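The chain contents come next:
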Amino acid sequence: MRFSDTMLGTVLLFLGAAIAVYARTLPAVPGQQYGAAAFPTLIGLAMVACALVLFAKGWQQGRVALVTRTEWTRQPGALLAVFVTVVCVIAYIFLARPVGFVPVSFAILLVLFRLLSVSWGKAIFFAVAATLVTDYVFRSLLLVPLPFGVMPRLPW
(Lines give C-alpha, C1' and ligand atoms only; values in the text may rest on other atoms or scores of the structure.)
Protein backbone atom coordinates (compact mmCIF):
# COMPACT_ATOMS: atom_id res chain seq x y z
CA MET A 1 0.00 0.00 0.00
CA ARG A 2 1.40 3.36 -0.94
CA PHE A 3 0.12 6.68 0.28
CA SER A 4 0.45 9.71 -1.97
CA ASP A 5 2.97 12.39 -1.04
CA THR A 6 0.17 14.94 -0.94
CA MET A 7 -1.77 12.98 1.66
CA LEU A 8 1.30 12.21 3.78
CA GLY A 9 2.40 15.84 3.55
CA THR A 10 -0.99 17.03 4.74
CA VAL A 11 -1.04 14.64 7.70
CA LEU A 12 2.55 15.48 8.61
CA LEU A 13 1.78 19.20 8.35
CA PHE A 14 -1.09 19.01 10.86
CA LEU A 15 0.87 16.71 13.18
CA GLY A 16 3.96 18.94 13.13
CA ALA A 17 1.90 22.07 13.69
CA ALA A 18 0.06 20.43 16.61
CA ILE A 19 3.36 19.39 18.20
CA ALA A 20 4.85 22.86 17.79
CA VAL A 21 1.76 24.58 19.20
CA TYR A 22 1.48 22.19 22.15
CA ALA A 23 5.21 22.48 22.91
CA ARG A 24 4.79 26.20 23.48
CA THR A 25 2.61 25.38 26.51
CA LEU A 26 5.42 23.49 28.27
CA PRO A 27 6.88 25.34 31.27
CA ALA A 28 10.11 27.31 31.10
CA VAL A 29 13.12 26.09 33.04
CA PRO A 30 14.15 28.77 35.56
CA GLY A 31 17.59 30.21 34.92
CA GLN A 32 17.98 28.87 31.37
CA GLN A 33 17.53 30.53 28.01
CA TYR A 34 15.59 27.58 26.63
CA GLY A 35 13.30 25.17 28.40
CA ALA A 36 11.25 22.06 27.89
CA ALA A 37 9.58 23.52 24.79
CA ALA A 38 12.75 24.03 22.77
CA PHE A 39 13.32 20.60 21.24
CA PRO A 40 9.66 19.64 20.72
CA THR A 41 9.13 22.98 18.96
CA LEU A 42 12.14 22.37 16.71
CA ILE A 43 10.91 18.86 15.92
CA GLY A 44 7.41 20.17 15.12
CA LEU A 45 8.80 22.88 12.85
CA ALA A 46 11.08 20.37 11.11
CA MET A 47 8.03 18.15 10.52
CA VAL A 48 6.16 21.11 9.04
CA ALA A 49 9.10 21.83 6.71
CA CYS A 50 9.25 18.18 5.59
CA ALA A 51 5.48 18.21 5.13
CA LEU A 52 5.67 21.22 2.84
CA VAL A 53 8.33 19.50 0.74
CA LEU A 54 6.23 16.32 0.51
CA PHE A 55 3.09 18.27 -0.29
CA ALA A 56 4.84 20.24 -3.06
CA LYS A 57 6.34 17.05 -4.51
CA GLY A 58 2.95 15.35 -4.55
CA TRP A 59 1.30 18.40 -6.07
CA GLN A 60 3.89 18.48 -8.89
CA GLN A 61 3.36 14.79 -9.64
CA GLY A 62 -0.37 15.39 -9.88
CA ARG A 63 -1.37 12.06 -8.34
CA VAL A 64 -5.11 11.79 -7.87
CA ALA A 65 -5.27 8.57 -5.85
CA LEU A 66 -4.52 9.11 -2.17
CA VAL A 67 -3.80 5.40 -1.63
CA THR A 68 -2.63 2.88 -4.20
CA ARG A 69 -2.26 -0.85 -3.61
CA THR A 70 1.20 -2.22 -4.17
CA GLU A 71 2.27 -5.78 -4.87
CA TRP A 72 2.54 -6.99 -1.28
CA THR A 73 -1.05 -5.93 -0.48
CA ARG A 74 -2.36 -8.28 -3.17
CA GLN A 75 -0.82 -11.36 -1.53
CA PRO A 76 -3.25 -13.48 0.48
CA GLY A 77 -3.24 -12.65 4.17
CA ALA A 78 -1.06 -9.53 3.91
CA LEU A 79 -3.70 -7.06 5.03
CA LEU A 80 -4.85 -9.50 7.72
CA ALA A 81 -1.26 -9.59 9.04
CA VAL A 82 -1.21 -5.79 9.25
CA PHE A 83 -4.55 -5.80 11.05
CA VAL A 84 -3.42 -8.47 13.53
CA THR A 85 -0.20 -6.55 14.24
CA VAL A 86 -2.15 -3.36 14.99
CA VAL A 87 -4.55 -5.32 17.22
CA CYS A 88 -1.56 -6.79 19.10
CA VAL A 89 -0.15 -3.32 19.78
CA ILE A 90 -3.55 -2.10 21.01
CA ALA A 91 -3.91 -5.23 23.15
CA TYR A 92 -0.53 -4.55 24.74
CA ILE A 93 -1.54 -0.99 25.56
CA PHE A 94 -4.71 -2.12 27.35
CA LEU A 95 -3.54 -5.41 28.88
CA ALA A 96 0.08 -4.86 29.95
CA ARG A 97 -0.71 -3.08 33.21
CA PRO A 98 -3.51 -5.34 34.54
CA VAL A 99 -2.12 -8.65 33.22
CA GLY A 100 1.61 -7.92 33.19
CA PHE A 101 4.39 -7.59 30.65
CA VAL A 102 5.50 -11.23 30.61
CA PRO A 103 2.16 -12.93 29.83
CA VAL A 104 1.06 -10.26 27.35
CA SER A 105 4.40 -10.22 25.57
CA PHE A 106 4.43 -14.02 25.37
CA ALA A 107 0.88 -14.12 23.95
CA ILE A 108 1.58 -11.40 21.38
CA LEU A 109 4.81 -13.02 20.22
CA LEU A 110 3.11 -16.40 19.97
CA VAL A 111 0.32 -14.94 17.84
CA LEU A 112 2.78 -13.11 15.57
CA PHE A 113 5.06 -16.15 15.18
CA ARG A 114 2.08 -18.34 14.25
CA LEU A 115 0.94 -15.64 11.82
CA LEU A 116 4.34 -16.02 10.15
CA SER A 117 3.78 -19.82 9.94
CA VAL A 118 6.43 -20.71 12.53
CA SER A 119 5.82 -24.20 13.92
CA TRP A 120 4.21 -24.44 17.37
CA GLY A 121 7.34 -25.76 19.06
CA LYS A 122 9.62 -23.06 17.69
CA ALA A 123 6.99 -20.37 18.25
CA ILE A 124 6.61 -21.27 21.93
CA PHE A 125 10.38 -21.53 22.45
CA PHE A 126 11.18 -18.21 20.80
CA ALA A 127 8.22 -16.43 22.43
CA VAL A 128 9.38 -17.56 25.89
CA ALA A 129 13.05 -16.76 25.15
CA ALA A 130 12.36 -13.34 23.65
CA THR A 131 9.98 -12.41 26.47
CA LEU A 132 12.40 -13.40 29.23
CA VAL A 133 15.41 -11.74 27.56
CA THR A 134 13.43 -8.56 26.93
CA ASP A 135 12.13 -8.54 30.51
CA TYR A 136 15.64 -9.03 31.89
CA VAL A 137 17.23 -6.36 29.70
CA PHE A 138 14.59 -3.71 30.31
CA ARG A 139 13.90 -4.44 33.98
CA SER A 140 17.45 -5.16 35.22
CA LEU A 141 19.89 -3.47 32.88
CA LEU A 142 17.91 -0.45 31.66
CA LEU A 143 15.87 -0.12 34.89
CA VAL A 144 12.59 0.32 33.02
CA PRO A 145 9.67 -0.48 35.35
CA LEU A 146 7.71 -2.98 33.27
CA PRO A 147 4.27 -3.84 34.71
CA PHE A 148 4.05 -7.03 36.79
CA GLY A 149 0.27 -7.50 36.65
CA VAL A 150 -0.66 -11.00 37.83
CA MET A 151 2.89 -12.32 37.42
CA PRO A 152 5.11 -12.72 40.48
CA ARG A 153 8.44 -10.93 40.48
CA LEU A 154 11.05 -12.76 38.40
CA PRO A 155 14.47 -13.53 39.95
CA TRP A 156 16.13 -10.57 38.33
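You'll find the structure just up there.
Residues numbered from 1 in each chain as written. Predicted model: local features only at pLDDT ≥ 70, side-chain atom pairs only at ≥ 80, totals over all residues. Heavy atoms only, no water.

## Side note on the overall build of the protein chain
Our working rule: Comment: elements are numbered from the N terminus, with helices defined as DSSP H or I runs of at least four residues and strands as E runs of at least two. Radius of gyration here is computed from C-alpha atoms only, and the compact-globule reference equals 2.2 Å multiplied by the residue count raised to the power 0.38. Two residues form a contact once any of their heavy atoms are found within 4.5 Å. Method for areas: the Shrake-Rupley scheme with a 1.4 Å probe, in which residue coverage is limited to the protein chains shown.
For the protein chain, the count of helices and strands is 5 helices and 2 strands. Listed N to C, the secondary structure of the protein chain is β-α-α-β-α-α-α in terms of helices and strands. Relative to the 2.2 N^0.38 estimate, which gives 15 Å for 156 residues, the radius of gyration of the protein chain is 22 Å and therefore markedly larger than a compact globule would have. C-alpha atoms of the protein chain, sized along the principal axes, occupy 55 × 50 × 25 Å. In the protein chain, 61% of the contacts between residues at least 6 apart in sequence involve partners at least 24 apart. Within the structure as shown, the protein chain displays about 10900 Å² of accessible surface, and the carbon and sulfur contribution to it stands at 75%.

## So, helix α1 (residues 5-23)
Put simply, the test is: Given a helix with a known number of residues, its expected span is that number minus one, times 1.5 Å. A 1.4 Å probe rolled over the protein chains alone gives each residue an accessible area, and that area as a share of the maximum for its type sets the label: buried under 20%, exposed over 50%, partly exposed in between. Directions pointing from the helix axis toward each C-beta atom define the arc.
End to end, α1 covers 26 Å across 19 residues, agreeing with the expected 27 Å (1.5 Å per residue, within 8%). Of the residues making up α1, those classed as buried are D5, T6, G9, G16, A20 and A23. One side of α1 carries all its buried residues, which in axial view fall inside an arc of 120 degrees. Away from the buried face of α1 by more than 90 degrees, exposed residues V11, F14, V21 and Y22 are located.

## Here we look at the packing of aromatic side chains
To keep it simple, the criterion reads: Between 30 and 60 degrees the pair is tilted, below 30 it is stacked and above 60 it is edge-to-face, where a pair is any two Phe, Tyr or Trp rings, Trp via its six-membered ring, whose centres lie within 6.5 Å.
In the structure shown here, the tally under the stated rule is 3 aromatic pairs. Between F113 and F126, the aromatic rings sit 6.4 Å apart at their centres with planes inclined by 55 degrees, giving tilted as the arrangement. Note that F113 is positioned in helix α4 (residues 101-115) and F126 in helix α5 (residues 120-141), a separation of 13 residues in sequence. F113 gets classed as partly exposed once you look at its relative accessible area, which sits at 22%.

## With respect to the packing of α4 against α5
Our working definition: Fitted lines through C-alpha atoms serve as axes, helices being fitted only where they are in contact, and the angles separating the N-to-C directions of these axes extend from 0 to 180 degrees. Put simply, a crossing is left-handed when the front helix is turned counterclockwise from the back one by less than a right angle, and right-handed when it is turned clockwise. When residues are grouped by polarity, Ala, Val, Leu, Ile, Met, Phe, Trp, Tyr, Cys and Pro land in nonpolar, Asp, Glu, Lys and Arg in charged, and all others, Gly among them, in polar.
Two elements in contact, α4 and α5, have axes whose closest approach is 9 Å; the angle formed by their N-to-C orientations is 145 degrees. Note that α4 runs across α5; the crossing there is right-handed. Contact residues: α4 offers F101, V102, S105, F106, L109, L110, F113 and R114, while α5 offers W120, A123, I124, F126, A127, V128, A130, T131, T134 and D135. Grouping the amino acids of the contact of α4 with α5 by side-chain chemistry returns 13 nonpolar, 3 polar and 2 charged.

## Observations regarding the pattern of salt bridges
The line we're drawing: Salt bridges are counted wherever a side-chain nitrogen of Lys or Arg sits within 4 Å of a carboxyl oxygen of Asp or Glu.
Within the structure shown, the criterion is met by 1 salt bridge. With a closest N to O distance of 2.7 Å, D135 and R139 form a salt bridge. Placement of the pair is D135 and R139 together in helix α5, with a separation of 4 residues, close to one helical turn.

## A look at unusual backbone geometry
Non-glycine residue S117 carries a positive phi angle of around 65 degrees. Counting through the fold element by element, S117 comes out in the loop between α4 and α5. When its relative accessible area of 63% is taken as the criterion, S117 is described as exposed. Backbone geometry places L143, a non-glycine residue, at a positive phi of 60 degrees. Tracing the backbone through its elements, the reader meets L143 in the segment after α5.

## Re a nonpolar patch on the surface
As a reminder of what qualifies: Residues forming no salt bridge and having over 30% relative accessible area are the ones grouped into patches, like charges within 9 Å of each other and nonpolar side chains (Val, Leu, Ile, Met, Phe, Trp, Tyr) within 5 Å.
Taken together, W72, L79, V82, V86, V89, I90, I93, F94 and L95 make up a surface patch of nonpolar side chains, about 840 Å² in accessible area. Position of F94 among the secondary structure elements: in helix α3 (residues 78-99).

## Things to note about the side chain of T6
Tracing the backbone through its elements, the reader meets T6 in helix α1. Overall, T6 belongs to the buried group, its relative accessible area being 16%. With sequence-adjacent residues up to four places away left out, T6 is seen in contact with L54, F55, G58 and W59.

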